[in-house]
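Letter by letter, the chains look like this.
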Amino acid sequence: DVYAGMRFDTGEPIENIFIARKGARTLANQDDVERVLHAKGYTTVYMEDYSVQRQLEIAANAKNVVAIHGAAMALLVINPRIHSVVELQPAHAYHQLYPLCLGGRTKHYSVLLPDYDEAIAHSDWSTILAHKNGSFEVDIASLERSLSDG
């Protein structure tokens, strides 16, 4: 409701976005992921390349989102019309934050998690952080299935 009175329609809307990352949590198979997404009409966006105003506009106007888990996803909560979200999470670092915040607001929400080991997820922070911020790979077949489900 805080954002209900604000306007986010000053920039060119991008309906299908892939929120990629630079540095931590990059994809080992980024080229393959982009090839699949671009064929389906998605535009790759690095939020850090835009002003905060433009980031809000992008998030507020997206209809379908594929995003690498991270803070830029928090901007999606201002979008009342979001249709689908596919969240790409790093191995062993499953977080329920975005599925809880966004899942009920979308028609389709899926999480792609390459591998999960409860022993790692419940270990010390340095172990978790090494997995969370490392490069990881997305299973292309799972990505395509998630996109067709949405």
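See the structure above.
Rules behind the numbers
- Residues numbered from 1 in each chain as written.
- Predicted model: local features only at pLDDT ≥ 70, side-chain atom pairs only at ≥ 80, totals over all residues.
- Heavy atoms only, no water.
- Phe/Tyr/Trp six-rings, centres within 6.5 Å; stacked < 30°, edge-to-face > 60°.
- Lys NZ or Arg CZ within 6 Å of the ring centre and 35° of its normal.
- Pairing = 2+ DSSP bridges.
- Helix = DSSP H or I, 4+ residues; strand = E, 2+ residues; numbered from the N terminus.
- Axes fitted to C-alpha atoms, helices over the stretch in contact; angles between N-to-C directions.
- Contact = heavy atoms within 4.5 Å.
- Parallel < 35°, antiparallel > 145°, perpendicular 65-115°, else oblique.
- Left-handed = near helix turned anticlockwise from the far one by under 90°.

(A) Structural detail: the packing of aromatic side chains. Scanning all chains against the criterion turns up 0 aromatic pairs. Positioned above the aromatic ring of Tyr 46, the side-chain terminus of Lys 22 is 5.2 Å from the ring centre.

(B) Just the sheet that holds strand 2 (residues 43-45), in detail. Strand order in the open sheet formed by 5 strands is 2-1-3-4-5, with parallel pairing between adjacent strands. At either margin of the open sheet sits one strand with a lone partner, and together these are strand 2 and strand 5 (108-112). On average, adjacent strands in this sheet sit at an angle of 15 degrees to one another, irrespective of strand direction. In this sheet, strand 4 (residues 84-88) lies alongside strand 3 (residues 64-68) in parallel orientation, the contact comprising 5 bridges. Across the sheet, Val 65 pairs through a bridge with Val 85, a residue of strand 4. On the sheet, helix 1 (residues 30-39) packs against strand 1 (16-19), strand 2 and strand 3 and is oriented at approximately 170 degrees with respect to strand 1.

(C) Spatial organisation of the packing of helix 1 against helix 6 (residues 140-149). It is the contact of helix 1 with helix 6, at a shortest axis distance of 11 Å, that shows an interaxial angle of 25 degrees. What the angle tells us is that helix 1 and helix 6 run roughly parallel. The chirality of how helix 1 crosses helix 6 is right-handed. Note on element contacts: helix 6 touches helix 1 through Ile 140, Leu 143, Glu 144 and Leu 147, opposite Asp 32, Val 33, Val 36 and Leu 37.

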